[in-house]
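Observations on the three-dimensional arrangement
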Amino acid sequence: MSPSRVLVLNSGSSSVKYQLLEMNGSKRLATGLVERIGERTSLVRHTPLASGGETRERTGQVADHDAALKAMAEELAADGLGLDSPELAAIGHRVVHGGKRFTDPTVIDEQVLAEIERLIPVAPLHNPANLTGIRTAMALRPDLPQVAVFDTAFHTTMPESAARYAIDVRTADAHRIRRYGFHGTSHAYVSRATARLLGRAPEEVNVIVLHLGNGASASAVRGGRCVDTSMGLTPLEGLVMGTRSGDLDPAVIFHLMRVGGMSADEIDTLLNKKSGLVGLCGDNDMREIRRRIDEGDREAELAFDIYIHRLKKYIGAYYAVLGRVDAVAFTAGVGENAAPVRAAAVAGLEGLGLAVDEGRNAVRGGGPRLISPEGARVAVAVVPTDEEMEIAQQTYALVGKNN
Ligand code: AMP
């Protein structure tokens, strides 16, 4: 039998998350992470799903990404799933920024590495960490195909009218300033899963996908192709997020520089790490915000209202962009779990054919499900995202094609 397992790696600057998947039957065999790489209190957590074993955790310094991947390899080997297994078909890497060039998953070679490196100026936080993960994995298994799956790829179908900012074209082109969008793997997976839930082909349906996690983005998907998304040059644009501001008047930045005396780096940190829900009320976890609202906390309530107001604006905007909407799909940590967010986001949109059935919306957990009332003009759905499965499927399909 030909090898049918894919290892999916998501390498951040101080963490590596991994999943090993069996593609025959789409099963997850193991999952784990290494956190706080480089610190003395690094954490290695591994769950051997195939054997149904207990999650194992240990702390102690994991010096760098090389040591992190070796720790992962040891954990996998302890379950008989080592990286030397002949059943391993490929390693799929999540890469945040693929620019305009990478529109599809791509087998990694030196040229591809160089191009990902060339994109570092537009993704300074993410691409270097992704590259480190790839290089380390290539050193561990140089014979194995390694595939890059880009967060931006799904959005490369956006028309120029949605992808361009209205700034001087020469300046924009010189610095590769345009709207790239992120969370693309999730938007691709969820828009297709939503079509499946409706019993229709992705080519036939128009979907607004609301990926609401700690980072959050919306996308307008027409017949399976993205036509607009809320994140832009970086993941800062768009919705109110856990710690990011989302949209704001760009003049706020000059004002903070000229009047507030802040540096570019300080403003970068303010807008990316100290804004959004955490900036508005001190908490970025929606569970905590809802608990505070239930206790009558006005600050938490205002933060929630601002979050919902922005979300509603994007639903309306993408309704207009698409013209006809078949479904609105909620996904990621907040979208999958926070019923009050879903109810508030579509409240008052009956005129657009959008409504939520209270009983259906209150159901917790489970797979993709409709939460709109029976016979609604537009389906409202909760569709759990699965970025690892999507990366594994894209990787496996590409490697299979090349064999
Ligand atoms: P993600 O980035 O997709 O992992 O989402 C993380 C966010 O999901 C957290 O910051 C929480 O705000 C939110 N979240 C997770 N579980 C719940 C829940 N049961 N109710 C409300 N929000 C939740």
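Just above sits the structure.
Residues numbered from 1 in each chain as written. Predicted model: local features only at pLDDT ≥ 70, side-chain atom pairs only at ≥ 80, totals over all residues. Heavy atoms only, no water.

What surrounds the ligand is the set Gly213, Asn214, Asn284, Asp285, Met286, Arg287, Ala332, Gly333, Val334, Asn337 and Ala338. Arg287 is positioned with one of its side-chain polar atoms (N or O) 3.4 Å from a nitrogen atom of the ligand. Backbone polar atom of Gly333 to an oxygen atom of the ligand: 2.9 Å apart, as the coordinates give it. Contact with the protein chains removes 70% of the 500 Å² of surface that the ligand exposes when unbound. Counting only elements with at least two residues in the shell around the ligand, the list comes to helix 10 (286-294) and helix 12 (332-337). The leading source of residues in the shell around the ligand is helix 12, at four residues. (Near = heavy atom within 4 Å. Polar contact = N/O pair within 3.5 Å; in protein donor to acceptor, adjacent residues only side chain to side chain. Areas by Shrake-Rupley, 256 points an atom, 1.4 Å probe, with all protein chains shown as cover. Helix = DSSP H or I, 4+ residues; strand = E, 2+ residues; numbered from the N terminus.)

Turning our eyes to something else, we now look at the packing of aromatic side chains. For any pair of aromatic rings, the description rests on two quantities: the centre-to-centre distance and the angle between the ring planes. Within this structure, the stated rule accounts for two aromatic pairs. Here the aromatic rings of Phe102 and Phe150 are separated by 4.4 Å at their centres, their planes lie at 10 degrees, and the arrangement is stacked. You can see Phe102 sitting in the loop between strand 6 (88-95) and strand 7 (106-107) and its partner Phe150 sitting in strand 8 (residues 146-150), a full 48 residues away along the chain. Each of the two residues, Phe102 as well as Phe150, counts as buried. A cation sits over an aromatic face here: Arg290 above Phe304, 4.7 Å from the ring centre. (Phe/Tyr/Trp six-rings, centres within 6.5 Å; stacked < 30°, edge-to-face > 60°. Buried < 20%, exposed > 50% of the residue type's maximum accessible area, 1.4 Å probe, protein only. Lys NZ or Arg CZ within 6 Å of the ring centre and 35° of its normal.)

Time to look at the environment of Asp64. One can find Asp64 in the loop between strand 5 (56-59) and helix 1 (65-78). When the C-alpha atoms of Asp64 and Arg36 are compared, they prove to be 9.6 Å apart, with 28 residues separating the residues in sequence. Reaching out from Asp64, the side chain makes a polar contact with the backbone nitrogen of Ala67 at a distance of 2.9 Å.

Think of an α-helix as 3.6 residues a turn; residues three or four steps apart then line up on the same face. Spanning 14 residues, helix 6 (residues 184-197) covers 20 Å between terminal C-alpha atoms, matching the ideal 20 Å at 1.5 Å per step. Among the 14 residues of helix 6, 11 are classified as buried, and the element is accordingly described as predominantly covered. In the stretch just after helix 6, Gly199 is the one whose phi turns positive, near 75 degrees. (Expected span 1.5 Å × (residues − 1).)

At a minimum axis separation of 10 Å, helix 7 (residues 251-258) and helix 8 (residues 264-273) run at an interaxial angle of 130 degrees. Here helix 7 is positioned oblique relative to helix 8, judged by the angle of their axes. In terms of crossing hand, the pair formed by helix 7 and helix 8 is right-handed. Here Ile253, Leu256 and Met257 of helix 7 come into contact with helix 8, specifically with Ala264, Ile267, Leu270 and Leu271. By residue class, the composition of the contact of helix 7 with helix 8 is seven nonpolar, no polar and no charged. (Axes fitted to C-alpha atoms, helices over the stretch in contact; angles between N-to-C directions. Parallel < 35°, antiparallel > 145°, perpendicular 65-115°, else oblique. Left-handed = near helix turned anticlockwise from the far one by under 90°. Contact = heavy atoms within 4.5 Å. Nonpolar A, V, L, I, M, F, W, Y, C, P; charged D, E, K, R; others polar.)

Before going further, it helps to spend a moment on unusual backbone geometry. The phi angle at Ser26 is positive, at roughly 50 degrees, despite the residue not being glycine. Structurally, Ser26 can be placed in the loop between strand 2 (16-22) and strand 3 (27-35). Residue Ser26 is classed as partly exposed on the basis of its relative accessible area, which comes to 38%. Backbone geometry at Ala332 places phi at a positive 75 degrees, although glycine is not the residue there.

A word on the environment of Leu198. Along the chain, Leu198 falls in the loop between helix 6 and strand 9 (206-212). Between the C-alpha atoms of Leu198 and Arg369, which are 171 residues apart in sequence, the distance is 9.6 Å. Excluding residues within four positions of it along the chain, Leu198 makes contact with Val205, Asp326, Ala327, Leu370 and Ala379.

Turning to the environment of Leu21, a few remarks are in order. Relative to the assigned elements, Leu21 resides in strand 2. Take Leu21: its relative accessible area is 0%, and that puts it in the buried class. Between the C-alpha atom of Leu21 and that of Pro86, which follows or precedes it by 65 residues, the distance is 14 Å. Ignoring any residue separated from it by four or fewer positions in sequence, one finds Leu21 in contact with Ser4, Arg5, Val6, Val8, Lys27, Arg28, Leu29, Glu388, Met389 and Ala392.

Moving on, we come to the sheet that holds strand 14 (residues 379-382). Pairing in this open sheet of six strands is mixed, and the strands run 11-10-9-12-14-13 from one edge to the other. Looking at the sheet topology across the chains shown, the edges are occupied by strand 11 (225-229) and strand 13 (369-370). One ladder, built from five bridges, connects strand 9 with strand 12 (residues 327-331); its direction is parallel. Counted as the bridge partner of His211 is Thr331 from strand 12. Relative to the sheet, helix 6 contacts strand 9, strand 10 (216-222), strand 11, strand 12, strand 13 and strand 14, its axis offset from that of strand 9 by approximately 130 degrees. (Pairing = 2+ DSSP bridges.)

A word on the pattern of salt bridges. For the structure on display, the rule yields 32 salt bridges. Between Asp66 and Lys70 there is a salt bridge, with its nearest N and O atoms 3.1 Å apart. With a gap of four residues between them, Asp66 and Lys70 both fall in helix 1, about one helical turn apart. Of the residues examined, Asp66 reaches a relative accessible area of 32% and is grouped as partly exposed. Of the charged contacts in the structure, one is a salt bridge between Asp326 and Arg324, with a shortest N-O distance of 2.6 Å. Salt bridges sharing common partners tie together Arg56, Arg58, Glu74, Glu75 and Asp79. (Salt bridge = Lys/Arg side-chain N within 4 Å of Asp/Glu carboxyl O.)

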